[in-house]
Amino acid sequence: MGTMVTLAVLICIVGAVIRKMIRDRKNGKSLQCGCDCKNCGGCGNIKK
């Protein structure tokens, strides 16, 4: 029973991470650096 609960929690966490990655990608954010790719000159030109 404990294994099933752990598996269900793990599936929920992984699903939430994947959903956030897809949502960020649709909003124009990069999966690699997390910056806004619409206004980016390339990942080497990140303003710090």
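Because the structure is predicted, anything quoted here is derived from the model rather than measured.

Visitor: Report on the overall build of the protein chain, specifying residues and quantitative values.
Guide: For the protein chain, the count of helices and strands is one helix and zero strands. Per-residue burial for the protein chain yields a buried fraction of 6% across its 48 residues. Surface exposure of the protein chain reaches about 4,400 Å², of which carbon and sulfur atoms provide 63%.

Visitor: Just give me the short version of the side chain of D24, but keep the residues and values in it.
Guide: Here D24 is to be found in helix α1 (residues 2-26). The exposure class of D24 is buried, given its relative accessible area of 19%. Separated by 2.7 Å, the side chains of D24 and K20 make a polar contact.

Visitor: Give a detailed account of a nonpolar patch on the surface, specifying residues and quantitative values.
Guide: On the surface, a nonpolar cluster with roughly 610 Å² of combined accessible area is contributed by M1, V5, V9, I13, V17 and M21. Structurally, the position occupied by V5 is in helix α1. V5 sits in the partly exposed class, given a relative accessible area of 47%.

Quick notes on the rules
Residues numbered from 1 in each chain as written. Predicted model: local features only at pLDDT ≥ 70, side-chain atom pairs only at ≥ 80, totals over all residues. Heavy atoms only, no water. Helix = DSSP H or I, 4+ residues; strand = E, 2+ residues; numbered from the N terminus. Buried < 20%, exposed > 50% of the residue type's maximum accessible area, 1.4 Å probe, protein only. Areas by Shrake-Rupley, 256 points an atom, 1.4 Å probe, with all protein chains shown as cover. Polar contact = N/O pair within 3.5 Å; in protein donor to acceptor, adjacent residues only side chain to side chain. Patch = residues over 30% accessible without salt bridge, like charges linked within 9 Å, V, L, I, M, F, W, Y side chains within 5 Å. Salt bridge = Lys/Arg side-chain N within 4 Å of Asp/Glu carboxyl O.

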